[in-house]
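As a plain string of letters, each chain reads:
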Amino acid sequence: MSYMDKSIEELHELLVSGKVTSDELVKESLEKSHEVQEKCNAFVTILDDAKGGEVTDNLLSGIPYGVKDNYSTKGILSTGSSNTLKDYVPFFDATAVVHLNEAGAIKVNKTALDEFGMGGTGTTAHTGVQRNPWDTRRMCSGSSSGSAAAVASGVYPYATGSDTGDSIRKPAAYCGIVGYKPTYGMISRYGLFPYASSLDHLGVLTRNVRDAAIVVDTMKGIDKNDMTSWDSKDVHLLEACTGNIKGKKLCYIKEIVDRDKFKNCGKELKEHLDNYYNVIEKCKKMGFTVDEVSVDQVLLNALPSVYNIISYAEVTSNLSNLTGIIFGPRGEGDNYIDMMKDHRTKGFSPLIKRRFVIGSYVLQKENQERYFRNAQRVRRLLVDRWKEIFKDYDAVILPVASGPAKFLDTSKNVQEENTTLLEEHLQIGNFGGFPSITIPSGFVSDLPVAINITGNCYDDENVLNIAYAIEKELGYANQIAKEVKHD
Amino acid sequence: MTKYIAKIGLEMHCEMSETNSKVFSGAANCYTEVPNSNVRPLDMAFPGTLPVVNKEAVRLALMASMILNCKQPEVLQFERKNYYYPDLPKGFQITQETKPNPMGIYGECEYEFGDEIRKCRINNIHLEEDAASLDHFYKTSNIDYNRAGVPLLELVTEPDIHSADEAVAFLEHMRSVYQYAGISEADSKKGQIRCDVNVSLMDEGLDEMDPANWGTKIEIKNVNSFGGVRDAINYEIKRQTEAKENGTYDEMEQQTRRWDEESGTTIFMRSKADAIDYKYYVEPNIPKIKIEKEWLDEIRKSIPELAMDRKKKYISEYGLSNYDAGVLVKDKNISDYYEKCLELGIDAKVASNWVAVNIIGELNKEGTDIREFYLTPEMLKQIIEGINSGILSSKQAKEVFTKALEEKKEPKNYISKDNAQISDEGELTSLIVKILDENPQQIELYKGGRDNLFDYFVGQVMKNTRGKANPVMTKEILHRELDKR
């Protein structure tokens, strides 16, 4: 009998009624961890000495979970999947981890990620590539690649994630699970290794919407250590999941999903769009109003550059603390400059170094106005446009990515045209700090695909309830990855 | 004859010692000799740490901004200044750019220069964090993170200063402002004040309001004492004057130099062309903070009395001389001591004499701070009451003062009715007659011309009265009685 494929509420019932003990759950979760490590390389650290805990009224008590390795965990190796921190054991917990500890949740592993959350493929961790549990030739996408692979494989009901561009919501889609990042500042960023502070969100990967609500209800809260956090004590996400969607209005953006843009596309993209429009039809039948909305194409086209400029600029300075002098492996050299250079040259992957160079370039005095400041202005325009949309609609509903998980061997991927916005539109959720959730919506080539629902800031209850209602209608909750046959 | 006018601008960094915690972390903000003891995770830039703005530091910075007659911002924001240095653990300093408005812009400050009042315009004042401190040894350097994150107030003046002495007068004025306003001890011995100095020469007769006439700006970095500021400016004026005289001034590039205390010279660091690009941008972890007008009003009302105000009061209300008043207000702690004396009911002039002469003299002799001075205003009052009630002569009072300090005992232990001077004519006469009767030989010698024996008799009287005999009367009676014999 396995338990780790069950939902949080089911597990809590079983624990409270004494049908299973927390120790048994932890044992099973650790065994599964080792299996999934073998198959997907999902973890940086497996906490083999983890023990069960007390079961209380708290839904998370005694239940195992995973922590993304860019969360600071006291006394536990926390690497950010980077060689620059390969030996770093923090002496304090991230605030979100403190909240989970207080709830009685049990950490069983630290999950791998794209180095410091950058890359979006699940291929740049210092411990190697994360493989998709549905098809190990494919990527999980990232950066929460390890968390996605583990939750989809049934290692535990949830793992924490972080999301700067789509790092929770895209891997959730590729792995057939739920990925939710709440409004910016609802969960404190204290103890999260930064990528781009103005875009960084914490969140969770689960197998159903209610579980996401339960976990974020626990992780959230104003924090004296994070000035951008806000008081959400009146937000009750789980209670908001009623399924009542009377009068709710959704919309999608013509310039992102219009079929005319993909007239000559391949089979997988076509099926992906079919799947999406099928969901739209179902939503209408459920009673949602769903409208098509138009956004200035020029504005949208600027999106990827805006993201790159802002996030690369911020990460350049955010990671300037990694010198190997105070923590991390000490570099070699006769003076501090050589020591720092050695540490950073050896420590960072080429992808990150490239971002540092670009980030530095766009912040330079002579370039800053043209690149960085303009990017900030365009970000503001996009956010304003979305806020305008949210005056009329409860949420924007769009497909995630341009199809199912891509191959790790990129030469096998079909190159499609006009897919940039399909791939990148989730970044708007980070620009505006909007609550945004991805839920599975079916299959293309036997692999999971997903839709995303994004609403206005502080409207998390509404967004989760809409997602919960659609999830019920679609029936893909609680999926566990089944390896697809391939030659 | 001067052909040139020196244009001097100052960047004065002052650690704010009077907040409980650092500017962005909860670590204690206090001076300690124990390295790395006042440190929280942010101060060493551990991954995932975030800055939290210290409201008290902002309040005090805004107060300084008001005292300098600056315009306060409506919205507060902070910027990152990016550069690598071992004393900067984050790889950037959180500071404030001059635009749109940090803690204050476009102010004006009046300060005393000798007997004159001078004005200096303030370009801006902003709040930032201090770096860690480095100790360099032969082959290694140690980093002490105690100072990392200590709130630092940077004041930037317009080049309205024209001489080294004027610059020092301005700095002394600002030190006094920081002390009186409770912003900082402003103690340069503790490294709390550091200056960058900008010097250029302008030909006499040109329009000083036009920056084009100001000459080539030379910045001198890291001058850490007022004496250093004076010497560096004088050196730089001399160096630039020579360049003017020998015709090389116009070739001089805008540049940054360093003050080398040992050689007493400034040394070239870099030209403007090689200036570091700090890539300033908004600190994303600190949201923009709206400054409420009510809060500003509250801060304005809470500005304490400053040195100039006290000095005016001492002169007009207490009738002190300009000089004495100046001496008393120079150090806020001394002025506080003085005001405490008045609170205890000591006469303003009497207290002024004791504090300005005896106490300051004692402090200078011992090199101590008045806050560590043994004799409290309450104790000073004991002595002064002794004088007022006629128990102590002024000479005795000074003796009691010295004794109390030497033996660390309250003055009242040395003051009693027994101490009272013997001024009773009859009592003194009979004592003197008795002493003379006992010393016939000395009288003979005295009469024979040994005048100095007079002092011997005075000494005998004092010995017999343990110094309490009224000295003037003693001498009178002695003369009279000796003449009789």
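Since this is a predicted model, take the numbers as computed values, not measurements.

## A closer look at the overall build of chain B
Then step 1. Each helix and strand in chain B was counted, giving 14 helices and 15 strands.
Then step 2. Judged by the C-alpha coordinates and their principal axes, chain B covers about 100 × 55 × 55 Å.
Then step 3. Per-residue burial over chain B gives 40% buried out of 485 residues.
Then step 4. In chain B, of all internal contacts separated by at least 6 residues, the share reaching a separation of at least 24 is 68%.

## Focus on the overall build of chain A
Then step 1. Secondary structure assignment for chain A yields 17 helices and 13 strands.
Then step 2. Its C-alpha atoms give chain A a radius of gyration of 21 Å, within 12% of the compact-globule value 23 Å for 487 residues.
Then step 3. For chain A, the spread of C-alpha atoms along the three principal axes comes to 65 × 65 × 50 Å.
Then step 4. Here chain A, with 487 residues, has 59% of them falling under the buried criterion.
Then step 5. The contacts of chain A with a sequence gap of at least 6 include a subset with a gap of at least 24, amounting to 76%.

## Digging into the sheet that holds strand β3 (residues 79-82) of chain B
All names here are of chain B.
Then step 1. Sheet architecture is open: 3 strands sit in the order β4-β3-β14, paired in antiparallel fashion. Because the sheet does not close on itself, it has two edges, and the strands there are β4 (92-95) and β14 (281-282).
Then step 2. The pairing of β3 with β14 spans 2 bridges and is antiparallel. Bridge pairing in β14 places Glu79 opposite Val282.

## Remarks on the environment of Arg259 of chain A
Residue and element names in this part refer to chain A.
Then step 1. Structurally, Arg259 is set in the loop between α8 (254-257) and α9 (267-286).
Then step 2. The class for Arg259 is exposed, based on 11 C-beta atoms found within 10 Å.
Then step 3. Through-space distance from the C-alpha of Arg259 to that of Gly475 is 25 Å; in sequence the pair is 216 residues apart.

## Thoughts on the interface of chain B and chain A
Then step 1. Contacts between the two partners involve 24 residues from chain B and, on the opposite side, 33 residues from chain A.
Then step 2. Residues belonging to the side of chain B that touches chain A are distributed by class as follows: 16 nonpolar, 4 polar and 4 charged.

## Re helix α13 (residues 350-363) of chain A
Since the α-helix turns once every 3.6 residues, residues separated by three or four places project in the same direction.
All names here are of chain A.
Then step 1. Compared with an ideal rise of 1.5 Å per residue, which puts 14 residues at 20 Å, α13 spans 20 Å between its outermost C-alpha atoms and is within 8% of the ideal.
Then step 2. Among the residues making up α13, those that are buried are Ile352, Arg355, Gly359, Val362 and Leu363. Considered in projection along α13, the buried side chains sweep an arc of 95° and stay on one side of the axis. Opposite the buried face of α13, by more than 90 degrees, sit the exposed residues Pro350 and Val357.

## Comments concerning the packing of helix α11 (residues 425-438) of chain B against helix α13 (residues 453-464) of chain B
Residue and element names in this part refer to chain B.
Then step 1. Where α11 contacts α13, the two axes come as close as 10 Å, and the packing angle between them is 120°. On the basis of the axis angle, α11 is oblique to α13. For the pair α11 and α13, the crossing hand works out as right-handed. Seen from α11, the contacting residues are Leu431, Ile432 and Ile435; seen from α13, they are Phe457, Gln460, Val461 and Asn464.

## Considering helix α6 (residues 209-219) of chain A
Residues and elements named next belong to chain A.
Then step 1. Counted residue by residue, α6 has 11 buried out of 11 residues, so it is predominantly covered.
Then step 2. By the burial criterion, the buried members of α6 are Val209, Arg210, Asp211, Ala212, Ala213, Ile214, Val215, Val216, Asp217, Thr218 and Met219.
Then step 3. Taken from the residues just after α6, Gly221 is the one with a positive phi, measuring 135°.

## As for the sheet that holds strand β1 (residues 4-15) of chain B
Strand pairing in a sheet relies on backbone hydrogen bonds, with the paired strands running either antiparallel or parallel.
All names here are of chain B.
Then step 1. The 8 strands lie next to each other as β5-β6-β9-β1-β10-β11-β12-β13, forming an open sheet whose pairing is mixed. Two strands lie at the open edges of the sheet, namely β5 (104-113) and β13 (265-271), each paired on one side alone. Strand-to-strand, the axes of this sheet are offset by a mean angle of 30°, without reference to chain direction.
Then step 2. The sheet contact formed by β1 and strand β9 (residues 151-157) spans 5 bridges and is antiparallel. Bridge pairing in β9 places His13 opposite Glu154.
Then step 3. The strands touched by helix α2 (residues 164-180) are β1, β5, β6 (116-129), β9 and β10 (193-203); relative to β5, the strand with the most contacts, the crossing angle is about 110°.
Then step 4. Against the sheet, helix α3 (residues 226-245) contacts β1, β10, β11 (218-223), β12 (255-260) and β13, and its axis sits at roughly 25° relative to β10.

## Considerations on the pairing of β12 of chain B
Residues and elements named next belong to chain B.
Then step 1. Pairing analysis gives 4 bridges linking β11 to β12, with the strands arranged parallel. Bridging across to β12, Ile218 finds its partner in Gln255.
Then step 2. In the classification by handedness, the crossover that spans β11, the intervening α3 and the parallel β12 is left-handed.
Then step 3. With 6 bridges joining them, β12 and β13 adopt antiparallel strand pairing. Residue pairing in the sheet places Thr256 in a bridge with Arg270 of β13.
Then step 4. Hairpin connection, β12 to β13: the antiparallel pair is bridged by 4 residues, and Gly264 has positive phi, about 65°.

## What about unusual backbone geometry?
Then step 1. Each neighbour pair has its own omega, and for Gly142 of chain A with Ser143 of chain A the value is 5°, a cis peptide bond.
Then step 2. Relative to the helices and strands, Ser143 of chain A resides in the loop between β5 (135-139) and α4 (145-152).
Then step 3. Note that the residue after Lys99 of chain B, namely Pro100 of chain B, is joined by a cis bond; omega there is 0°.
Then step 4. Along the chain, Pro100 of chain B turns up in the loop between β4 and β5.
Then step 5. The backbone phi angle of Tyr458 of chain A is positive, close to 70°, even though this residue is not glycine.
Then step 6. Secondary-structure assignment places Tyr458 of chain A in the loop between β13 (447-455) and α17 (460-474).

## Remarks on the environment of Gly429 of chain A
Residues and elements named next belong to chain A.
Then step 1. Within the secondary structure layout, Gly429 lies in helix α16 (residues 427-432).
Then step 2. Gly429 sits in the buried class, given 27 other C-beta atoms within 10 Å.
Then step 3. A sequence separation of 45 residues divides Gly429 from Asp384, and the C-alpha atoms of the two residues are 12 Å apart.
Then step 4. Every residue in contact with Gly429, bar those within four places of it in the chain, is listed here: Lys181, Phe434, Ser436 and Thr454.

## Remarks on the domain arrangement of chain B
Then step 1. Entries for chain B in the domain assignment read domain 1 (4-298), domain 2 (308-419) and domain 3 (425-484).
Then step 2. A separation of 36 Å is found between the C-alpha centroids of domain 2 of chain B and domain 3 of chain B.

## Some thoughts on the packing of helix α11 (residues 303-318) of chain A against α13 of chain A
All names here are of chain A.
Then step 1. Following both chains from N to C, one finds α11 and α13 inclined at 100°, their axes separated by 7 Å at the closest point. As far as their axial angle goes, α13 and α11 are roughly perpendicular. Note on element contacts: α13 touches α11 through Arg355, Phe356, Ile358, Gly359, Ser360, Val362 and Leu363, opposite Ile309, Tyr312, Ala313, Val315 and Thr316.
Then step 2. Looking at the contact of α11 with α13 residue by residue, the class counts come to 8 nonpolar, 3 polar and 1 charged.

## A word on the confidence of the model for chain B
Then step 1. Per-residue confidence for chain B averages 92 on the pLDDT scale, and 99% of its residues sit at or above 70.
Then step 2. Among the scores for the predicted complex, ipTM is 0.96 and pTM is 0.89.

## Let's talk about the pairing of β5 of chain A
Regular strands show a simple pattern: their side chains alternate between the two faces of the sheet.
All names here are of chain A.
Then step 1. In this structure, strand β4 (residues 131-132) lies alongside β5, joined through 2 bridges in antiparallel fashion. Looking at β5, one finds that Asn132 is bridged to Asp135.
Then step 2. The antiparallel hairpin formed by β4 and β5 contains 2 residues in its connecting segment.

## Brief notes about the environment of Gly243 of chain A
Residue and element names in this part refer to chain A.
Then step 1. Locating Gly243 in the fold gives a position in the loop between α7 (237-240) and β9 (249-253).
Then step 2. On a C-alpha basis, the gap between Gly243 and Val357 in space is 48 Å, while along the polypeptide they are 114 residues apart.
Then step 3. In contact with Gly243, not counting residues within four places along its chain, are Tyr468, Ala469 and Lys472.

Rules and cut-offs
- Residues numbered from 1 in each chain as written.
- Chains lettered and ligands numbered in written order.
- Predicted model: local features only at pLDDT ≥ 70, side-chain atom pairs only at ≥ 80, totals over all residues.
- Helix = DSSP H or I, 4+ residues; strand = E, 2+ residues; numbered from the N terminus.
- Buried ≥ 20, exposed ≤ 12 C-beta atoms within 10 Å, placed from the backbone.
- Contact = placed C-beta atoms within 7 Å.
- Rg over C-alpha atoms; globule rule 2.2 N^0.38 Å.
- Pairing = 2+ DSSP bridges.
- Nonpolar A, V, L, I, M, F, W, Y, C, P; charged D, E, K, R; others polar.
- Expected span 1.5 Å × (residues − 1).
- Arc of directions from axis to C-beta.
- Axes fitted to C-alpha atoms, helices over the stretch in contact; angles between N-to-C directions.
- Parallel < 35°, antiparallel > 145°, perpendicular 65-115°, else oblique.
- Left-handed = near helix turned anticlockwise from the far one by under 90°.
- Right-handed = clockwise from strand over helix to strand, strands pointing away.
- Domains from an automatic or database assignment.
- pLDDT = per-residue confidence, 0-100.

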